[in-house]
Amino acid sequence: MGLYACGTAIFFGLMAKNFDICITSCYSNLEYELPTISAVCKIAFDFSEHVDDDYLARTCPYLWYGFFSGADKSLEECKKILKRMHSLGCRICGATRGGNGQIFYDGEKFFDGYVEKVESVVDTMGAGDSFIAGFLTAHGNGQDIAASLKYAAKRAAATCLVHGAFGHGHPLD
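Residues numbered from 1 in each chain as written. Predicted model: local features only at pLDDT ≥ 70, side-chain atom pairs only at ≥ 80, totals over all residues. Heavy atoms only, no water.

1. A look at the overall build of the chain
Line of reasoning, step 1. Scanning the chain for helices and strands turns up 6 helices and 6 strands.
Line of reasoning, step 2. In sequence order, the secondary structure elements of the chain are arranged as α-β-α-β-α-β-α-β-β-β-α-α.
Line of reasoning, step 3. Counting every position in the chain, which comprises 173 residues, the buried fraction comes to 39%.
Line of reasoning, step 4. The long-range share in the chain, meaning contacts at least 24 apart out of those at least 6 apart in sequence, stands at 49%.
Line of reasoning, step 5. Per element, the accessible surface of the chain, about 9,900 Å² overall, is 54% carbon and sulfur. (Helix = DSSP H or I, 4+ residues; strand = E, 2+ residues; numbered from the N terminus. Buried < 20%, exposed > 50% of the residue type's maximum accessible area, 1.4 Å probe, protein only. Contact = heavy atoms within 4.5 Å. Areas by Shrake-Rupley, 256 points an atom, 1.4 Å probe, with all protein chains shown as cover.)

Printed below as a string of structure tokens:
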């Protein structure tokens, strides 16, 4: 098992150096690879709702970007978690809050996100992933946090206008 992890670390390290930002999540089982990956590129990490202190301490030192779902938390709870993430090493931290927008923190100030109104939501599946991808694309291309949040909200809203994967599959051949 140790040899496999080492081989995997080398593989991810070699692949990651070809990209500016690599994204992973709490569901990818790559926590043990974060030191290797962070040595060659910026890491963005989706915590989903897994923001307990031990997990943050294990992952945040290697992260450039960290995102979590704060839809079930108060604004003050989200701010406390964002500050903790940053204190552990994560440079730009964000909480998505459903219809309440987002709150981001860069260690100096909090940024309120945007809610892009959608007239008729078809499906919200993937909206969070689209938000993260939109934010990383905009910020990685040099936009500031506020502009990146606005772009990300537009990407998430666009995703709400299409059917998600369940019940709308396509043949693989």
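2. Looking at the state of the cysteines
Line of reasoning, step 1. All chains considered together, the criterion is met by 0 disulfides.
Line of reasoning, step 2. Here cysteine 60 stays unpaired: no disulfide links it, and the sulfur of cysteine 90, its closest cysteine neighbor, is 5.1 Å away.
Line of reasoning, step 3. By relative accessible area, which is 0% here, cysteine 60 ends up buried. (Disulfide = S-S within 2.5 Å.)

3. So, the pattern of salt bridges
Should the charged atoms of two oppositely charged side chains come close, the side chains can pair.
Line of reasoning, step 1. Scanning the entire structure with this criterion turns up 3 salt bridges.
Line of reasoning, step 2. The shortest N-O distance in the salt bridge between arginine 84 and aspartate 53 comes to 2.6 Å. Taken together, the residues span a long stretch of sequence, with arginine 84 in helix H4 (residues 75–87) and aspartate 53 in helix H3 (residues 53–59) at a distance of 31 residues.
Line of reasoning, step 3. What makes aspartate 53 partly exposed here is its relative accessible area of 40%.
Line of reasoning, step 4. Aspartate 72 is the partner of lysine 73 in a salt bridge, and the nearest nitrogen-oxygen pair spans 3.8 Å.
Line of reasoning, step 5. Classification of aspartate 72 as exposed rests on a relative accessible area of 55%. (Salt bridge = Lys/Arg side-chain N within 4 Å of Asp/Glu carboxyl O.)

4. Some details on the side chain of histidine 139
Line of reasoning, step 1. Examined against the element boundaries, histidine 139 turns out to sit in helix H5 (residues 127–140).
Line of reasoning, step 2. Dropping the residues within four chain positions of it, histidine 139 is found in contact with Tyr65, Ile92, Asp144, Ile145 and Ser148.

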